[in-house]
Amino acid sequence: MNSSVTLVGDAIENPANALTMIHAAAMFGAACRFRDTKGLADSVLFAGGGLPAIAGSEVRALHSRIIACDNLPGAGDVYGFHAGPDFALVVGNERRGLSHEFATLATHRVQVPMQSRRIDCLNVAAASAVALYYLCGPRSGPMATRKDPASCRPDLLLSEPADHFELGSTIRSAAGLGWQRVFVEDRHKVWFGCGRAVRSEGRAAARRGKNEMLLIPCPAQASYAYPRVTVVTHRRIGAPVDRMNLAGGPSHLVVIPDESRGEFACENWARLGRKIEFAHLRLPAVEFPYHYRLVATVALAEISRQVGRRPAMKAPRALRPPIYDRALEQLAAVAGEIVPFEDLIDY
Amino acid sequence: MLRSVGPLALYGVRAIELVRGRAARAGAAPAFGSYRVPGRIVLYEQPLPPWRLPGSLPPAAARRLEDAGAILTPLRDAGATLVDWPDGSLRRFMLEEVLLHEVGHHVLQHHTGKRPVRIARTRDHEAFAAGFAEKERAALLQRSRADR
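Note that the coordinates shown come from a computational prediction; the quantities given were computed from them, not determined experimentally. (Residues numbered from 1 in each chain as written. Chains lettered and ligands numbered in written order. Predicted model: local features only at pLDDT ≥ 70, side-chain atom pairs only at ≥ 80, totals over all residues. Heavy atoms only, no water.)

Novice: Give me the lowdown on the overall build of chain A, citing residues and values where you can.
Specialist: If you tally the helices and strands in chain A, you get eight helices and 14 strands. For chain A, the proportion of contacts with a sequence separation of at least 24, taken over those separated by at least 6, is 83%. Counting every atom, chain A has about 16,400 Å² of accessible surface; 54% of that belongs to carbon and sulfur. (Helix = DSSP H or I, 4+ residues; strand = E, 2+ residues; numbered from the N terminus. Contact = heavy atoms within 4.5 Å. Areas by Shrake-Rupley, 256 points an atom, 1.4 Å probe, with all protein chains shown as cover.)

Right under this line is the structure:
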């Protein structure tokens, strides 16, 4: 456990989110604690005193750097932010964000830059995982700037999702990070053709009310002819994602398989395209409770960083109102007189 | 004098300011006034005469000052020009020449759209202001003669 990094959840409401945050912290070897103002400790998941609590004063005593991850005014991109070895990462309530106390406590403010107008934030656990990846993980550059980022955005295939909550959160992340359409290979029937309860829970997790993402169902074991296919995994296979070019445009397919059921090894990836390559997330921990939304959102954030965004528009400068001066014209200089050096003394 | 120019010319003038500043710089060409869009006329404080200006004045400028009542004496040995303003002629010059000229700028600028943007080339703006000042000065003179 990396005791120098603490993930702090401020007034988290949903116990499932809190548990996933603990697992997200475990992915990066960090501690996870909560400021509980919403009765989280009384929930079934944390019954028996299982919730690690912390107060604002304790956070300040433990860490000199307190990094708030929220879309607060003045927050910089989490990409390329150098956090140092010892810090606390503070994330806020699912609906209201960080409390005023924690927002003022923070020494730095970062955010995961969103590319969608309608989905303007990620699931709190997914956002925690992305922030921890960029703050604890390998140094990465800032977000790319391109004239036409859409032309560099690869196609995305979410393969074999095993849980509707996890898939819903991943779809929400994909929409927030700029994807307009996603292929879903729904072999376990968690999205298409599922029961009513599962359907409504999944749609809620995906924020389907305002999420206009086009979801395209793909038949299981179907073949495709993409020139380049990249399979992103948390296992140490292939090159690290931050060392690969994942901004290959629509002719490039990125596959993010759900590895919770252990079907990764026996999958025939060659059916998807001509050139198959593997990329892995550089996670400090080897063993951790797997959540599809965490791994997928980190991968999507890295692709989004590489794909980039349009350059910020420069606001046109206001024209200076004209000034009309009335002055005497430039004075003409008097014609000079040439004096020989010998005569200069007597001049 | 402003009354004689009429309310239409002064409509929209926000301020007529007498300020100290640009003329005080030694060796620089004296600035008399300026018009700052929208509606701000600035008249600069002038030093007490006589003025000792470095170099010689261009003929057009010299003629304008002499028309306003100044007495110009070129100091050829010193490479300078002495400008004297006898009997309140400097005051008259500032009012009848400079102030009317700036009001002319305002008339063109304000009655062509009220926007703080350049509405004519500087050359055309200056020409209009000079023409306006000339016309109003002539009217002023005619009125004073009639009063006498």
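Back to the text.
Novice: Go over the interface of chain B and chain A with me, naming the residues and quoting the values.
Specialist: Between chain B and chain A, the residue contacts involve 33 residues of the former and 13 residues of the latter. Across the chain B-chain A interface, the total number found is one salt bridge. Here E97(B) and R326(A) are joined by a salt bridge, their closest N and O atoms 2.3 Å apart. By the bridge criterion, five bridges tie strand β14 (residues 323–327) of chain A to strand β2 (residues 31–36) of chain B in an arrangement that is antiparallel. For Y324(A), the partnering residue across the bridge sits in β2(B) and is Y35(B). (Salt bridge = Lys/Arg side-chain N within 4 Å of Asp/Glu carboxyl O. Pairing = 2+ DSSP bridges.)

Novice: An account of the sheet that holds strand β11 (residues 239–240) of chain A is needed here, citing residue identities and associated values.
Specialist: Residue and element names in this part refer to chain A. Pairing within the open sheet is parallel, and its seven strands lie in the order β9-β8-β7-β12-β10-β13-β11. The outermost strands of the open sheet, each flanked by one partner alone, are β9 (214–217) and β11. Across four bridges, the pairing between strand β10 (residues 226–233) and strand β12 (residues 252–257) is parallel. Across the sheet, V229 pairs through a bridge with L253, a residue of β12. Contacts between helix α5 (residues 164–176) and the sheet are confined to β7 (155–159), β8 (181–185) and β9, with β7 contributing the most and set at about 170° to the helix. Sitting on the sheet, helix α7 (residues 292–307) is in contact with β7, β10 and β12, with an inclination near 155° to β12. (Axes fitted to C-alpha atoms, helices over the stretch in contact; angles between N-to-C directions.)

Novice: Got a sec to walk through helix α6 (residues 196–205) of chain A? Specific residues and values, please.
Specialist: All names here are of chain A. Of the positions making up α6, those classed as buried are G202, R203 and A205. Buried residues along α6 cover an arc of 160° about the axis, so they all sit on one side. Across α6 from its buried face, at more than 90 degrees, point the exposed residues R196 and A197. Taken together, the buried residues of α6 touch α5. (Buried < 20%, exposed > 50% of the residue type's maximum accessible area, 1.4 Å probe, protein only. Arc of directions from axis to C-beta.)

Novice: Describe in detail the confidence of the model for chain B, supporting the description with residues and values.
Specialist: All names here are of chain B. Scored by pLDDT, chain B comes out at a mean of 86, with 93% of its residues at no less than 70. Of all the helices and strands in chain B, helix α1 (residues 2–5) carries the lowest mean pLDDT, 81, while strand β3 (residues 40–44) carries the highest, 92. Among the prediction metrics, the complex's ipTM stands at 0.81, with pTM recorded as 0.66. (pLDDT = per-residue confidence, 0-100.)

Novice: Which residues make up the environment of E136(B), and what values do they have?
Specialist: Residue and element names in this part refer to chain B. Along the chain, E136 turns up in helix α5 (residues 122–147). E136 gets classed as buried once you look at its relative accessible area, which sits at 13%. Note: C-alpha distance between E136 and E97 (39 residues apart in sequence) is 9.7 Å. With residues up to four places along the chain from it excluded, the contact list for E136 reads S4, V5 and L100.

Novice: Would you mind going over the sheet that holds strand β1 (residues 15–19) of chain B in detail, with residue names and values included?
Specialist: Sheet architecture is open: four strands sit in the order β14(A)-β2(B)-β3(B)-β1(B), paired in mixed fashion. Only two strands of the sheet have a single neighbouring strand rather than two, namely β14 of chain A together with β1 of chain B. With strand direction ignored, the average angle separating the axes of adjacent strands in the sheet is 15°.

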